[in-house]
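Summary of the model geometry
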Protein chains: 4
Amino acid sequence: MKYVYELKFKVRDYECDLEGIVNNANYQHYMEHTRHEFLLTTGLSFAEMNAQGIVPVVARITISYKLPLRSRDEFVCRLAVRKEGVRYVFYQDILRLPDMKLVARGKVDTVCLVDGRLQECTALEAMLEPYFDKEEE
Amino acid sequence: MKYVYELKFKVRDYECDLEGIVNNANYQHYMEHTRHEFLLTTGLSFAEMNAQGIVPVVARITISYKLPLRSRDEFVCRLAVRKEGVRYVFYQDILRLPDMKLVARGKVDTVCLVDGRLQECTALEAMLEPYFDKEEE
Amino acid sequence: MKYVYELKFKVRDYECDLEGIVNNANYQHYMEHTRHEFLLTTGLSFAEMNAQGIVPVVARITISYKLPLRSRDEFVCRLAVRKEGVRYVFYQDILRLPDMKLVARGKVDTVCLVDGRLQECTALEAMLEPYFDKEEE
Amino acid sequence: MKYVYELKFKVRDYECDLEGIVNNANYQHYMEHTRHEFLLTTGLSFAEMNAQGIVPVVARITISYKLPLRSRDEFVCRLAVRKEGVRYVFYQDILRLPDMKLVARGKVDTVCLVDGRLQECTALEAMLEPYFDKEEE
């Protein structure tokens, strides 16, 4: 897979729960933050999109948990993106530093709503096109 | 103190941190939710206030932590409100159930910004007036 | 599907993000809290399981987002559970009140680690057995 | 005031609430993470302290909110520490980048519990001593 963006993080203690490991929902936070930071690098403006009535939304998320992160762990979140039908699908891997073991693997299906209806979004697509992973699976 | 509102909660496991107790910041969440629920009962509409350019903001918060909450604990958050100068000050106690031991005590100073400037807000005050604790301290 | 548990919630404003809707990760929190509350009703004790070296973990989660929740919305989170191989799979629907529209649908695959290794967990299974949805899909 | 530590952050969108600004409770998270990172640099080990039955806890927190942080804002959290009686008091300022405007000012009173009782903690104090701000106020 062609990873086009990666962001480094360090676990914050308040993200850990009573089992001493990062709470499952926080991986979704890490992935969301990574997506938003990536989208900013493409020049995409949520404000402009919203002004045009275009709302990108997450339609489905799947996360496979492989290894828990703990207090003080550092990690990267990597991102690849594919166009699959009307969906823009982000593949996001979280890898622990420095051993690069796979912590979690996410698949985030996003779609564009234009005036509340599912629609192809040419502006978004033009921005993302250079980053698409076009390999056959 | 004249408590005018109280809301019941139960600790959710994801609110606990790696020490097995509710993370300190979550008490602030409990207090915020209690204030907002109280304000709704007064008929106050944030949407309407915002439409008039009135923005109530928290200027200062003080929380004294007395006893930690743990997984499965139930508790109430009580609220009293006073007018102190241009500030509307919420006094919020969190009490563990069923023993009613004091868990945390909060003092939340809020002010109104009208078009970005600190100002008396007559609409808000008219709503809150019946609930004020007017005792001398 | 045979729902065996349901928990009622109300959106808290701090759970909403800058788009005015509940942040995606919070649905995972709602589902986790519902699972934990359900497990408590079965008499299952995490403390006891942990003392025996048994750790139930989430191996994978899939959430389909259908409709966003907003400030003040009330909703229920329903739960069904199936045994699928060595996995205990929770099917969790979030339905908005009072119109019962489907907000989000979750599938949460959990497994038991005994001393760090994937294993059937007879104690857990005995507890969950009466609740299993045994219908063919 | 003698600042002895500073940590840089960037707002994550999920930390913003429906008003488009960082939710008040998250400043407490930023301050907690900064304290913990600072304490790690001093060589202090929470694990060792806990093994000796020493538990540092937050007894009181006061945060003054001056200016809201918004999506994409970068900021630093600075820290000074003083000994005041049996309390170790952290003074924590959050400053927006690059204009260094004061966003929030925190005062965090911490105490040591040894076997559940308030006590001077010589091990902690020896670690913190080089960092104390000893100026008269």
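For every chain, the first residue of the written sequence is number 1, and numbering continues from 1 onward in sequence order. Ligands are numbered from 1 and chains lettered from A, in the order in which they are written. Note on the predicted model: pLDDT of at least 70 is required for a residue's local features to be given, and 80 or more for side-chain atom pairs to be given and counted; whole-chain, interface and lining totals, by contrast, use all residues.

**Re the overall build of chain A**
A helix here means a DSSP run of H or I that spans at least four residues, while a strand means a run of E at least two residues long, and both kinds are numbered starting from the N terminus. Secondary structure assignment for chain A yields three helices and six strands. Ordered by position from the N terminus, the helices and strands of chain A form the series β-α-α-β-β-β-β-β-α. For 137 residues, the compact-globule estimate of 2.2 N^0.38 gives 14 Å, and the C-alpha radius of gyration of chain A, at 16 Å, lies within 12% of that figure. With the C-alpha coordinates of chain A rotated into their principal frame, the extents come out at 45 × 30 × 25 Å. In this setup the radius of gyration rests on C-alpha atoms only. A globule is expected at 2.2 Å times the number of residues raised to 0.38.

**A few points about the interface of chain C and chain B**
Contacts are defined on C-beta atoms placed from the backbone: any two residues whose C-beta positions lie within 7 Å are in contact. With seven residues of chain C at the interface, the matching set in chain B holds seven residues. For the side of chain C that touches chain B, the class distribution of residues is one nonpolar, three polar and three charged. Residue classes follow a fixed rule: Ala, Val, Leu, Ile, Met, Phe, Trp, Tyr, Cys and Pro count as nonpolar, while Asp, Glu, Lys and Arg count as charged, and any other residue, Gly among them, counts as polar.

**A closer look at the relation of the copies chain C and chain B**
Once turned by 180° and shifted 0.0 Å along the axis, chain C lies on chain B with an RMSD of 0.0 Å. Taken together, the rotation angle and the small translation identify this as a two-fold axis. Across chain C, the smallest distance between a C-alpha and the rotation axis is recorded for Phe-9 of chain C, namely 5.3 Å. Both copies share a contact surface, since 100% of the interface residues of chain C are interface residues in chain B too. Superposing the copies works by least squares over the C-alpha atoms of residues that have pLDDT at least 70 in both of them.

**Concerning the pairing of strand β3 (residues 74-84) of chain D**
Residue and element names in this part refer to chain D. When DSSP finds two or more bridges between a pair of strands, those strands are recorded as paired. Pairing of strand β1 (residues 5-10) with β3 involves six bridges; the strand directions are antiparallel. Following the sheet pairing, Tyr-5 is matched in β3 by Leu-79. Here 11 bridges tie β3 to strand β4 (residues 87-97), and the two strands are oriented antiparallel to one another. Within the sheet, the bridge partner assigned to Glu-74 lies in β4 and is Leu-97. Connecting β3 to the antiparallel partner β4 that follows it, the hairpin turn spans two residues, and Gly-85 within it adopts a positive phi of roughly 70°.

**Topic: the relation of the copies chain B and chain D**
What relates the two chain copies is a rotation about an axis together with a slide along it. The two copies are related by a screw motion: chain B maps onto chain D through a turn of 180° and a shift of 0.0 Å along the axis, at an RMSD of 0.0 Å. An overlap of 100% is found between the interface residues of chain B and their copies at the interface of chain D, pointing to a shared contact surface.

**Focus on the pairing of strand β2 (residues 54-65) of chain D**
Where strand β2 (residues 54-65) of chain B and β2 of chain D come together, five bridges link them in antiparallel fashion. The residue of β2 of chain D that forms the bridge with Thr-62 of chain B is Thr-62 of chain D. Relative to strand β5 (residues 102-114) of chain D, β2 of chain D runs antiparallel, the two sharing 11 bridges. Residue pairing in the sheet places Val-57 of chain D in a bridge with Val-111 of chain D of β5 of chain D.

**Some words on unusual backbone geometry**
Here the residue pair Leu-97 of chain A and Pro-98 of chain A is connected by a cis peptide bond, since its omega of -5° sits within 30 degrees of zero. Considering the arrangement of structural elements, one finds Pro-98 of chain A in the loop between β4 (87-97) and β5 (102-114). We note that Met-100 of chain B has phi near 60°; this positive angle belongs to a residue other than glycine. Relative to the elements of secondary structure, Met-100 of chain B occurs in the loop between β4 (87-97) and β5 (102-114). A positive phi angle, near 80°, is found at Arg-72 of chain D, a position not held by glycine.

**Describing the environment of Pro-68 of chain C**
Relative to the helices and strands, Pro-68 of chain C resides in the loop between β2 (54-65) and β3 (74-84). Among residues more than four places away in sequence, those in contact with Pro-68 of chain C are Ile-21 and Val-22 of chain C.

**Looking at the environment of Phe-90 of chain D**
All names here are of chain D. With respect to the helices and strands, Phe-90 occurs in strand β4. Its 24 C-beta neighbours within 10 Å are what place Phe-90 among the buried residues. Put simply, Phe-90 and Asp-109 are 19 residues apart on the chain and 6.5 Å apart in space, counted from C-alpha to C-alpha. Discounting residues that sit within four places of it in the chain, Phe-90 has contacts with Arg-35, Leu-79, Val-81, Val-108 and Thr-110. Once C-beta atoms are placed from the backbone, each residue is buried if 20 or more other C-beta atoms lie within 10 Å of its own, exposed if 12 or fewer, and partly exposed for counts between those two.

**Here we look at helix α1 (residues 24-41) of chain B**
Residue and element names in this part refer to chain B. Expected span of a helix, by definition, is 1.5 Å for each gap between consecutive residues, and there is one gap fewer than residues. In this model α1 runs 27 Å from its N-terminal to its C-terminal C-alpha over 18 residues, within 8% of the 26 Å that 1.5 Å per residue would give. Of all 18 residues that make up α1, 13 are buried, and the element is covered over most of its length. Backbone geometry just after α1 places Gly-43 at a positive phi near 90°.

**Describing the interface of chain B and chain D**
Contacts between chain B and chain D engage 14 residues on the former and 14 residues on the latter. Of all the secondary-structure elements, those providing two or more residues to the side of chain B that touches chain D are α1 and β2 of chain B. A per-element tally of the side of chain B that touches chain D places β2 of chain B first, with nine residues. Taken together, the residues that form the side of chain B that touches chain D break down as seven nonpolar, five polar and two charged.

**Here we look at the packing of α1 of chain B against helix α1 (residues 24-41) of chain D**
The geometry of α1 of chain B relative to α1 of chain D is characterised by a closest axis approach of 9 Å and an angle of 175° between their N-to-C directions. Classed by the angle they form, the pair α1 of chain B and α1 of chain D counts as roughly antiparallel. Taken together, the residues of α1 of chain D that come into contact with α1 of chain B (itself represented by Asn-24, Ala-25, Gln-28, His-29 and Glu-32 of chain B) are Asn-24, Ala-25, Gln-28, His-29 and Glu-32 of chain D. Each residue belonging to the contact of α1 of chain B with α1 of chain D can be placed in one class, and the counts come to two nonpolar, six polar and two charged. Note on method: axes are straight lines fitted to C-alpha atoms, helices fitted across the in-contact stretch only, with angles between N-to-C directions ranging 0 to 180 degrees. Reported orientations rely on four angle classes, namely roughly parallel under 35 degrees, roughly antiparallel over 145, roughly perpendicular from 65 to 115, and oblique for the rest.

**Focus: the confidence of the model for chain A**
Residues and elements named next belong to chain A. Residues of chain A with pLDDT of at least 70 account for 98%, and the chain-wide mean is 92. When mean pLDDT is taken per element in chain A, strand β1 (residues 5-10) scores highest with 98 and helix α2 (residues 46-51) scores lowest with 77. Here the prediction assigns the complex a pTM of 0.95, and the interface score ipTM is 0.94. Each residue carries a pLDDT score, the predictor's confidence in it, ranging from 0 to 100.

**Digging into the environment of Lys-83 of chain B**
Residue and element names in this part refer to chain B. Of note, Lys-83 is situated in strand β3 (residues 74-84). For the pair formed by Lys-83 and Lys-134, sequence separation is 51 residues and the distance between their alpha carbons is 8.1 Å. Contacts of Lys-83, omitting those with residues within four sequence positions, involve Tyr-88 and Phe-132.

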